[in-house]
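Each chain, letter by letter, is given below.
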Amino acid sequence: MTVSGTEDALRRPAKAAGGGVAGRAYALYRVLEAVADGLRGLGVQSVTWLTSTGVAEAIKTGFNPATAASLQYQHLMRPDPDGSVGLPISQAGPALAPAPAARAYHHDGFSSVSYAVQPPECGTIFGSLGPLLAVRTAGERRTLAIHYEILSPAAAAREVRSQRFRNNVLVDAKAQRGFNTTAVDTRRQTGAREQEAAVAAGHALVRFTAASSLTVPTEWNLEDHAARLENDSSGRFRLLRLELAQDSAFVAAALPVGIGLPRLTRAFDS
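Draft legend 1. Broad picture of the overall build of the protein. When its secondary structure is counted, the protein shows eight helices and five strands. Along the protein, helices (α) and strands (β) appear in the sequence α-α-α-α-β-β-β-α-α-β-α-β-α when read from the amino end. Along the first, second and third principal axes, the C-alpha set of the protein runs to 75 × 55 × 35 Å. Out of the 270 residues belonging to the protein, those deemed buried represent 30%. Counting only contacts in the protein whose residues sit at least 6 apart along the sequence, the fraction spanning at least 24 positions is 74%. Total accessible area on the protein stands at roughly 16,500 Å², and carbon and sulfur atoms take up 57% of it. Of note, the protein has its 28 positive side-chain charges centred 7 Å away from the centre of its 24 negative side-chain charges.

Right under this line is the structure:
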């Protein structure tokens, strides 16, 4: 779980906490307890937030899964002279990452292919994403990242009102012109009313996106493993292979760096 905040949200509390990077860190620290309480409400028994060395190790093993064993050995046998244990943040990146190819990203003796996951229009639950993490071959790694943003009550209210208005206008216009109303139109109209009622009752509106990545050693046939991942999503989700952007897609799908969602004017268009 990575917690991030926009500059607009952090600027004022960061200034009150001293400004700069440290002030922004203090502003984020203050919300971690509330996040941990929410996780415990989901059944999580304990929550431990990573230090900078923990984040560095997570990033390093993201680029090079083979370093996991050596990092674990360092924890057990070779603590740093100052008593700290872990990888310096300056060594977190890849040792070798040539220019990304159009359809894959090559890094530290591994190759990755990443996809945007498009859920069905009727909605789904996070548990249904499990097949995307079902490793088929020893040595293969699959990652799945869900980036989500909880909208403020005011923004959520505006959005659900707009959705309800658009769907009502569409149904009424079809009826006036003598066109039949489809089941999809009816479901969208009903869903928009139910969503507005839920937001009015105090529920939150969440905007999210999901990215999935597959990593195998460079000498393996990457396309075979990518085809298996696509087969696992068949009939459940649509996977959009992020051609020409495999390097940034890998970061979004595999590295805990707090990438946020883009600022879109119409983020909920059907």
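Resuming the write-up.
Draft legend 2. Local environment of the packing of helix 5 (residues 153–176) against helix 6 (residues 183–200). Orientation of helix 5 relative to helix 6, taken along the N-to-C sense of each, is 155°, at an axis distance of 9 Å. The angle between the axes of helix 5 and helix 6 places the two elements in the roughly antiparallel class. As for how helix 5 packs across helix 6, the hand of that crossing is left-handed. Here Ala-156, Ala-157, Val-160, Arg-161, Gln-163, Arg-164, Asn-167, Asn-168, Leu-170, Val-171 and Lys-174 of helix 5 lie close against helix 6, whose contacting residues are Asp-185, Arg-188, Gln-189, Ala-192, Arg-193, Gln-195, Glu-196 and Val-199.

Draft legend 3. Highlighting the packing of helix 1 (residues 7–16) against helix 2 (residues 20–41). Two numbers describe how helix 1 lies on helix 2: the axes approach to 8 Å, and their chain directions differ by 100°. Considered as vectors, helix 1 and helix 2 are oriented roughly perpendicular to each other. Listed contacts from helix 2 to Glu-7, Leu-10, Pro-13 and Ala-14 of helix 1 are Gly-23, Arg-24, Ala-27, Leu-28 and Arg-30. Partitioned by chemical class, the residues of the contact of helix 1 with helix 2 number five nonpolar, one polar and three charged.

Draft legend 4. Inspection of the environment of Gly-19 at higher detail. Residue placement: Gly-19 occurs in the loop between helix 1 and helix 2. For Gly-19, a relative accessible area of 24% gives the class partly exposed. Not counting the four nearest positions on each side in its chain, Gly-19 is found in contact with Ala-14 and Arg-24.

Draft legend 5. Here's a closer look at the nonpolar core. Residues Val-113, Tyr-115, Val-117, Leu-132, Leu-229 and Leu-239 are the most contacted members of the largest nonpolar core, which totals 14 residues. Of all elements in the fold, only strand 2 (110–118), strand 4 (206–217) and helix 7 (222–233) reach the threshold of two or more residues within this core. Residues Ala-56, Phe-63, Leu-71 and Tyr-105 belong to the second largest nonpolar core, which totals 10 residues.

Draft legend 6. Highlighting the pattern of salt bridges. For the structure shown, the criterion picks out 14 salt bridges. A salt bridge links Glu-149 to Arg-207; the nearest nitrogen and oxygen atoms lie 2.8 Å apart. With Glu-149 in strand 3 (residues 141–150) and Arg-207 in strand 4, the pair connects residues that are 58 residues apart, well separated along the chain. In this structure, Lys-174 and Asp-185 form a salt bridge, with 2.5 Å as the shortest nitrogen-oxygen distance. With Lys-174 in helix 5 and Asp-185 in helix 6, the pair connects residues that are 11 residues apart, well separated along the chain. A relative accessible area of 6% places Asp-185 in the buried class. A cluster of three or more residues bridged by salt bridges with shared partners is formed by Glu-7, Asp-8, Arg-11 and Arg-24.

Draft legend 7. Spotlight on the packing of aromatic side chains. With the rule as written, the count across this model stands at four aromatic pairs. Through successive ring pairs, a cluster of aromatic residues spans Phe-63, Tyr-105 and Phe-250.

Draft legend 8. Structural context of helix 2. Spanning 22 residues, helix 2 covers 33 Å between terminal C-alpha atoms, matching the ideal 32 Å at 1.5 Å per step. At Val-31, helix 2 is bent by approximately 30°, the largest bend along its length. Along helix 2, the positions that sit buried rather than exposed are Gly-23, Ala-27, Leu-32, Ala-36 and Leu-39. At its buried positions, helix 2 is contacted by helix 1. Gly-43 occupies a position one or two residues after helix 2 and carries a positive phi of about 105°.

Draft legend 9. Broad picture of unusual backbone geometry. Phi at Asp-108 is positive, roughly 50°, even though this residue is not glycine. Along the chain, Asp-108 turns up in the loop between strand 1 (105–107) and strand 2. For Asp-108, a relative accessible area of 14% translates into the label buried. Although it is not a glycine, Leu-244 sits at a positive phi angle of roughly 70°.

Conventions used here
- Residues numbered from 1 in each chain as written.
- Predicted model: local features only at pLDDT ≥ 70, side-chain atom pairs only at ≥ 80, totals over all residues.
- Heavy atoms only, no water.
- Helix = DSSP H or I, 4+ residues; strand = E, 2+ residues; numbered from the N terminus.
- Buried < 20%, exposed > 50% of the residue type's maximum accessible area, 1.4 Å probe, protein only.
- Contact = heavy atoms within 4.5 Å.
- Areas by Shrake-Rupley, 256 points an atom, 1.4 Å probe, with all protein chains shown as cover.
- Lys, Arg positive; Asp, Glu negative; His and termini not counted.
- Charge placed at Lys NZ, Arg CZ, Asp CG, Glu CD.
- Axes fitted to C-alpha atoms, helices over the stretch in contact; angles between N-to-C directions.
- Parallel < 35°, antiparallel > 145°, perpendicular 65-115°, else oblique.
- Left-handed = near helix turned anticlockwise from the far one by under 90°.
- Nonpolar A, V, L, I, M, F, W, Y, C, P; charged D, E, K, R; others polar.
- Core = buried A, V, L, I, M, F, W, Y, C linked by side-chain atoms within 4.5 Å.
- Salt bridge = Lys/Arg side-chain N within 4 Å of Asp/Glu carboxyl O.
- Phe/Tyr/Trp six-rings, centres within 6.5 Å; stacked < 30°, edge-to-face > 60°.
- Expected span 1.5 Å × (residues − 1).
- Bend = angle between axes of the 7 residues up to and from the residue.

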